Amino acid sequence: MNALTVMPVLFLAPAFLFFTVYVILPIFQSIYISFFEWDGLGDMTYVGVENYLEMFDDDRFYTSLKNNLLWLILYMLAVPAGLFIALFLNQTVRGIRLYKSMFFFPFVISQIVVGLIFSWFYNPNFGVVGHMFEFFGASPPSILGDERYVTYGIIFAGLWPQVAYCMILYLTGLNNVAPEQIEAGRLDGAKGIRLLWHVVLPQLWPATFLAIVVTVIGALRSFDMIAIMTQGGPYGSSNVLSYYMYETALSEYGFEMGYGSAIAVVLFMIMLCFIVAFLWKMYQDEKDWR
Amino acid sequence: MNKVFASLATAASLFASSAFAGDLVIIYDDPNPGPKAAFEKVVADFSAANPDINVDLSINDREAHKTAIRNFLSADAPDVTAWYPGNRMGPFVDAGQFEDISDLWASDPNLSTSFEAIKPTMSRDGKQWGVPYSYYQWGMYYRKDIFDKMGIAEPKTWDELLAACEKLKAAGITPITIGTKYLWTAAGVFDYLNLRTNGYDVHNDLTAGKIKYTDDRIRATFAKWEELVRPGYFVENHASMSWQDAIAPFAKGEAAMYVMGNFAVGAMKDAGLTNDQIDFFQFPEITPGMPRAEEAPADALFIPSGAKNKADARKFLAFVARPDVQSEWNKAIGQLPPNSKAEVGSDKFIQEGMQTVSTAAGLAQFYDRDAPAEMAKAGMEGFQEFMIKPDRLDAILKRLDKVQGKVYK
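Predicted model only: the values in this text are computed from it and were never measured.

Let's talk about the overall build of chain B
Looking only at helices and strands, chain B features 20 helices and 13 strands. Relative to the globule expectation of 22 Å for 409 residues, the C-alpha radius of gyration of chain B, 21 Å, shows essentially globular dimensions. Sorting the 409 residues of chain B into buried and exposed places 51% on the buried side. Sequence separation of at least 24 residues holds for 78% of the intrachain contacts in chain B that already meet a minimum separation of 6.

Below is the structure:
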């Protein structure tokens, strides 16, 4: 054995060890627990697939699933919005660095803080939204207290930092756009949208791919916003799978480890679809470049 | 505020506090300045009386404590921990994680004689599991200045309450404030309506799973509730407010009543209200002649079965049960001492609370302490939904029956 074969193994070992203990094993543990009824304290009773059957008869589960879908779709707005802001900011004027950092600012602050700020925003009694409605003589809606608006309200709050993230990805991408190709495109008479669509965007594909990946992941693990803004309420109408899982298994009133694990398994399966798709896409791309 | 973060912090602090034998490790759950100082005083007095015992005290955030306790009881148990009696202690008792202290209840002359009223709450399977240090009354807190100005007397009956609400509403004041974001406040209203409509036994049978939610008696409770919900007698937007947020309209004079526990008085005073502006009345009678039961949740201390220093922990619990200790402690936090020989504070709310509780026909803990956790969660969400969408009552009650069938099998 020479250093060339030993060193990579040595360098990978710590990461591999931690990944196995904290990521891989818990996944299988969750799958195992999901076949039991367990309050987290006493004995575990094997119940087979009963937790899953119960899930398909649970309105709260379907509400969470539907909200997860809403998150996935609406969160995607962060990608074009980020691109738009990046294009807008990708110019050389005095103080542009300051503007860029201001746009990036929401990504730096914690999700918890964002959630808190927006829940004050939305407060119909003393929030900005309330004052705006009152200015026009309308009575303000209770965005976080109404089942019709609550999920949209939280997603909108979540978009603020997510747009910033996509923007920074595109800004770095725009640095790598070859100026010769744009020149060439201009000479051929391409302008505006056509130039963007046919010349700039194809070169931004790596940034776009990354933006989609982080946005999908962000949408699926939208936990902290919900925990801080509504705790899944009112009456569970803003729940998503990740928070519902926490609520049933680990929260103040949650003593159902088995059921919580079953929800975790379903969430994992949904994520797995995306992970596999992303990996396949990355593999295809790399194959082409070789 | 943020449970996840706080429980992580708690977990981290637990690793740091593995104590030596001979130390007494105590975990308490109220970091608010008043209660914290009061408990620290109790601990200091105990240390002074027992100089050989070295007390190691840590204080958790109240909400974080509720989730952290499940980890530390099995991972690194303290010698004494704060927790709630009634059904809330059930899972830990059943899992063998709390120490049976029936011996202490039997041998300690103070515990065995002065705690008769609350003993059933501390018992499960005929054994006692903890020592209560404080409890408090619930009821209707109201703006006395507004009532006086509008010539409204303290309502004694349901009709008088409805009349008062109508009068307030007509004057542009929301009759009752509430914040249901964290759900349990709605359970307080439900419990009182249910206790006044159907009495103490129905409350216990419902939370024990012996009565269905679609039962006519429970429907009657909701019918009374509807008489408050339909005309808009509760503040709007209550689903996005915590109980503290709901004090704002009360303090501003935009709302006049609040179904609450006595701990809210401190927060009302912090919001700028004085003793002359606020007062208390017992929740009005609904079914004439129904014996009056009250909500009076207790707070208690327990010894985990994994504790290392159980002898000193018993000493501490016996100390906490002493009438002089309970008198001083509860005067400091503005609550009622469970020890019947202890003195009650002179504050008017404490006095009225004592009068309310000591003459009650029965004492309920609270919906979410008397019902199992899973049922309580679903039930309280149902209450909140009903307060916003009273038309969905049938669907809500059927759903609660479904949950009930699953929880109590």
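Brief notes about the sheet that holds strand β3 (residues 80-83) of chain B
All names here are of chain B. The 5 strands are arranged β2-β1-β3-β12-β6 in an open sheet whose pairing can be described as mixed. Each edge of the open sheet carries a strand with a single partner, namely β2 (54-59) and β6 (130-135). Adjacent strand axes in the sheet meet at a mean angle of 20 degrees when their direction is disregarded. Bridge analysis of strand β1 (residues 23-28) against β3 gives 2 bridges, and the strand direction is parallel.

Examining the packing of helix α4 (residues 78-89) of chain A against helix α11 (residues 205-220) of chain A
When two helices pack together, you describe them by how their axes are tilted relative to each other and by the distance separating the axes. Residue and element names in this part refer to chain A. Between α4 and α11, whose axes approach to 10 Å, the crossing angle comes to 135 degrees. What the angle tells us is that α4 and α11 run oblique. By crossing handedness, the relation of α4 to α11 is classed as right-handed. Facing α4, whose interface residues are A78, V79 and G82, α11 presents T208, A211, I212 and T215. For the contact of α4 with α11, the class distribution of residues is 4 nonpolar, 3 polar and no charged.

A word on the interface of chain B and chain A
With 25 residues of chain B at the interface, the matching set in chain A holds 23 residues. Broken down by secondary-structure element, the contributors of at least two residues to the side of chain B that touches chain A are α1 (3-16), α3 (62-75), α4 (90-94) and α19 (373-388) of chain B. Split into classes, the residues belonging to the side of chain B that touches chain A amount to 9 nonpolar, 6 polar and 10 charged.

Thoughts on helix α2 (residues 33-49) of chain B
Residue and element names in this part refer to chain B. Between its terminal C-alpha atoms α2 stretches 24 Å, which fits the 24 Å expected from 17 residues at 1.5 Å a residue. Those residues of α2 that sit buried are P35, A38, F39 and V42. One side of α2 holds all its buried residues, which, seen down the axis, span an arc of 95 degrees. Structural note: α2 exposes P33, A37, A44 and A48 on the side pointing more than 90 degrees away from its buried face.

Here we look at the pairing of β1(B)
Residue and element names in this part refer to chain B. By the criterion of burial, β1 is predominantly enclosed, with 5 of the 6 residues buried. Relative to β2, β1 runs parallel, the two being bridged by 6 bridges. By the bridge assignment for β2, I26 is matched with L57.

Digging into the nonpolar core
Of all hydrophobic cores here, the largest spans 122 residues; its most connected members are I176(B), A187(B), A300(B), L301(B), L317(B) and V320(B). A total of 9 residues in this core trace back to one element, the largest contributor, which is α19(B). Composition of this core by domain shows at least three residues from each of domain 1 (3-135 + 298-358) and domain 2 (138-295 + 372-407) of chain B. When sequence neighbours within four positions are dropped, the list of residues in contact with L301(B) reads V80(B), A82(B), G130(B), V131(B), Y133(B), L317(B) and V320(B). If you look at the next biggest cluster of nonpolar residues, it comprises 51 residues, including V79(A), L159(A), V163(A) and A207(A).

A few points about the domain arrangement of chain B
The accessible area lost on association of the parts is a frequent measure of interface size. Residue and element names in this part refer to chain B. The domain boundaries assigned to chain B delineate domain 1 (3-135 + 298-358) and domain 2 (138-295 + 372-407). The centre of domain 1, based on its C-alpha atoms, is set 29 Å off from the matching centre of domain 2. Taken together, the 10 residues of domain 1 in the interface contact 9 residues of domain 2. Counting residues per element, the side of domain 1 that touches domain 2 draws most heavily on helix α17 (residues 348-358), which supplies 6 residues. Residues of the side of domain 1 that touches domain 2, tallied by class, amount to 2 nonpolar, 6 polar and 2 charged.

Quick look at the pairing of β6(B)
Residue and element names in this part refer to chain B. Burial within β6 is extensive, with 6 of its 6 residues counted as buried. Where β6 and strand β12 (residues 298-302) come together, 5 bridges link them in antiparallel fashion. Bridging from a neighbouring strand, P132 pairs with A300 of β12.

Remarks on the environment of V150(A)
All names here are of chain A. Position of V150 relative to the elements: it lies in helix α8 (residues 150-175). Residues V150 and N176 lie 26 residues apart in sequence; the distance between their C-alpha atoms is 40 Å. The residues contacting V150, other than those within four sequence positions of it, are I143, L144, T230, P234, S237 and S238.

So, how was this worked out
- Position labels on residues start from 1 in each chain and follow its written sequence.
- Going through the entries in the order they are written, you letter the chains from A and number the ligands from 1.
- Under the rules for a predicted model, residues below a pLDDT of 70 receive no local features and side-chain atom pairs below 80 are neither given nor counted, while totals for whole chains, interfaces and linings still include all residues.
- For helices the rule is a DSSP run of H or I covering at least 4 residues; for strands it is a run of E covering at least 2, with both sets numbered from the N terminus onward.
- Each radius of gyration reported is based on C-alpha atoms, and the globular scaling rule is 2.2 Å times the count of residues to the power 0.38.
- With C-beta atoms placed from the backbone, a residue is buried if 20 or more other C-beta atoms are within 10 Å of its own, exposed if 12 or fewer are, and partly exposed between those counts.
- Each residue is represented by a C-beta atom placed from its backbone, and any two residues with such atoms within 7 Å are regarded as in contact.
- We call two strands paired when DSSP finds no fewer than two bridges between them.
- Lines fitted to C-alpha atoms define the axes here, with helix axes fitted over just the stretch in contact, and angles between the N-to-C directions of these axes take values from 0 to 180 degrees.
- Should an angle lie under 35 degrees it is considered roughly parallel, over 145 roughly antiparallel, and from 65 to 115 roughly perpendicular; all remaining angles are considered oblique.
- Should the near helix be turned anticlockwise from the far one by less than a right angle, the crossing is termed left-handed; should it be turned clockwise, right-handed.
- Under the scheme applied here, ten amino acids are nonpolar (Ala, Val, Leu, Ile, Met, Phe, Trp, Tyr, Cys and Pro), four are charged (Asp, Glu, Lys and Arg), and all others, including Gly, are polar.
- To estimate the expected span of a helix, count its residues, drop one, and scale the result by 1.5 Å.
- What the arc measures is the spread of directions leading from the helix axis to the C-beta atoms.
- The nonpolar core is taken to be a set of buried Ala, Val, Leu, Ile, Met, Phe, Trp, Tyr and Cys residues joined by way of C-beta atoms within 7 Å.
- Throughout the structure description, domain borders are defined by an automatic or database domain assignment.

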